[in-house]
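The chain contents come next:
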Amino acid sequence: MEAPHHEAPAVTLKITVNSPERMGELGRRLAKLLRPGDLVMLTGELGAGKTTLTRGLGEGLGVRGAVTSPTFVIARVHPPLGDGPSLVHVDAYRLGGGLDEMEDLDLDVSLPESVIVVEWGDGKVEELSDDRLRVVIDRTVGDTAGGATDDAADEVREVTVTGLGARWADADLASLSA
Ligand code: ADP
Ligand code: MG
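Residues numbered from 1 in each chain as written. Chains lettered and ligands numbered in written order. Predicted model: local features only at pLDDT ≥ 70, side-chain atom pairs only at ≥ 80, totals over all residues. Heavy atoms only, no water.

- The name an unreviewed UniProt entry assigns to the protein is tRNA threonylcarbamoyladenosine biosynthesis protein TsaE, from the organism Streptomyces venezuelae.
- On record in UniProt, under Sequence similarities (unreviewed entry), the comment for the protein is "Belongs to the TsaE family." (UniProt positions renumbered as here; feature names shortened; annotations may be inferred.)

Written as structure tokens, this is what we have:
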């Protein structure tokens, strides 16, 4: 008999990211934690910085091809330049709910040897894995009480990283804010 499934406690880290360059850095640090089979879900409004984070992640993993916003492409595979995993970058914006909608992508087939990063994947790709790294990017609205608009404040993002499942229970999320 298999042991009944228990939800592993979630580990969460909050980081303030002040610029696109810092978001790229966060992606590069995140890449160091990732291994084949990992699923990363990116949540945040348009322009939050999901693709910017993924670009840094691709640099950190050392994969081929530039990470861009896949406007017409739903998924792009970036093969490794070295020994690491491929990066599969999915933009699920136009996809309906459920994995069957994206069956053609065969994400379940590529997952074991890849890192899969999904933008707009909430409610769509959870069944791929119980172990997920959920990254929520919030555009903090600066205090505009004084009426001043501050370009620097426009670049501030609050990033909440949550590790779900046993895979992430002992992960060193603190290394992301180093
Ligand atoms: P998304 O994929 O979430 O729609 P993108 O990464 O494509 O967002 O775009 C984010 C935009 O916001 C870019 O133009 C980027 O330069 C800008 N930006 C400003 N500040 C930040 C920040 N702190 N982190 C990420 N992107 C930022
Ligand atoms: Mg994007």
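There's more to say after this.
## Focus: the site of ligand 1
And then number 1: As a structural note, the neighbourhood of ligand 1 is formed by 17 residues, with Gly47, Lys50, Thr51, Thr52 and Glu155 the closest of them.
And then number 2: One nitrogen or oxygen atom from the side chain of threonine 52 is found 2.6 Å from an oxygen atom belonging to ligand 1.
And then number 3: Coverage of ligand 1 by the protein amounts to 76% of the 570 Å² it exposes when considered alone.
And then number 4: Within the residue set of the shell around ligand 1, elements represented by two or more residues are α1 (20–33) and α2 (50–61).
And then number 5: By residue number, the principal contributor to the shell around ligand 1 is α2, which donates 3 residues. (Near = heavy atom within 4 Å. Polar contact = N/O pair within 3.5 Å; in protein donor to acceptor, adjacent residues only side chain to side chain. Areas by Shrake-Rupley, 256 points an atom, 1.4 Å probe, with all protein chains shown as cover. Helix = DSSP H or I, 4+ residues; strand = E, 2+ residues; numbered from the N terminus.)

## What to know about the sheet that holds strand β6 (residues 132–139)
And then number 1: Taken together, the 7 strands give an open sheet; going across it, the order is β1-β7-β6-β2-β5-β4-β3, and neighbouring strands pair in mixed fashion. Strands with a single pairing partner mark the edges of an open sheet, and in this sheet they are β1 (11–17) and β3 (75–78). Neighbour to neighbour, the strand axes of the sheet diverge by 15° on average, direction disregarded.
And then number 2: Two elements, β3 and strand β4 (residues 86–91), share 4 bridges in a ladder whose sense is antiparallel. In the sheet register, alanine 75 faces β4, and the bridge partner there is valine 90.
And then number 3: Against the sheet, α1 contacts β1, β6 and β7 (157–164), and its axis sits at roughly 150° relative to β1. (Pairing = 2+ DSSP bridges. Axes fitted to C-alpha atoms, helices over the stretch in contact; angles between N-to-C directions. Contact = heavy atoms within 4.5 Å.)

## A short note on the coordination of the magnesium ion (ligand 2)
As a benchmark, a tetrahedral metal site with four donors has ideal angles of 109.5 degrees, while an octahedral site with six donors has ideal angles of 90 or 180 degrees.
And then number 1: Surrounding the magnesium ion (ligand 2) are the protein donor atoms Thr51 (OG1) and Glu119 (OE), at 2.2 Å. With threonine 51 in helix α2 and glutamate 119 in strand β5 (residues 114–119), this residue pair connects regions lying 68 residues apart in the sequence. As far as the burial class goes, threonine 51 and glutamate 119 line up, both buried. (Donors = N, O, S within 2.8 Å, 3.2 Å for Na, K, Ca; no water. Buried < 20%, exposed > 50% of the residue type's maximum accessible area, 1.4 Å probe, protein only.)

## Regarding the pairing of β4
And then number 1: Counting buried residues along β4, 6 of its 6 residues qualify, which places the element largely inside the surrounding structure.
And then number 2: Burial along β4 is two-sided: the face carrying Ser86, Val88 and Val90 and the face carrying Leu87, His89 and Asp91 are both buried.
And then number 3: Strand direction decides the pairing type here: β4 and β5, joined by 6 bridges, are parallel. Across the sheet, leucine 87 pairs through a bridge with valine 115, a residue of β5.

## Section: the nonpolar core
And then number 1: Judged by nonpolar contacts, the single largest core of 28 residues is most densely connected at Leu26, Leu87, Val135, Val159, Val161, Leu173 and Leu176.
And then number 2: Elements with a contribution of two residues or more to this core: β1, α1, β2 (39–43), α2, β5, β6 and β7.
And then number 3: Of all the elements, α1 adds the most residues to this core, at 5 residues.
And then number 4: Listed in part, the 13 residues of the second largest apolar core include Val90, Ala92, Leu95 and Ile116. (Core = buried A, V, L, I, M, F, W, Y, C linked by side-chain atoms within 4.5 Å.)

## Side note on the pairing of β5
Consecutive residues of a regular strand have side chains that alternate between opposite faces of the sheet.
And then number 1: Most of β5 is tucked away, with 6 of its 6 residues classed as buried.
And then number 2: Of the two faces of β5, the one lined by Ser114, Ile116 and Val118 and the one lined by Val115, Val117 and Glu119 are each fully buried.
And then number 3: Pairing between β2 and β5: 4 bridges, direction parallel. Bridge pairing in β5 places valine 40 opposite valine 117.

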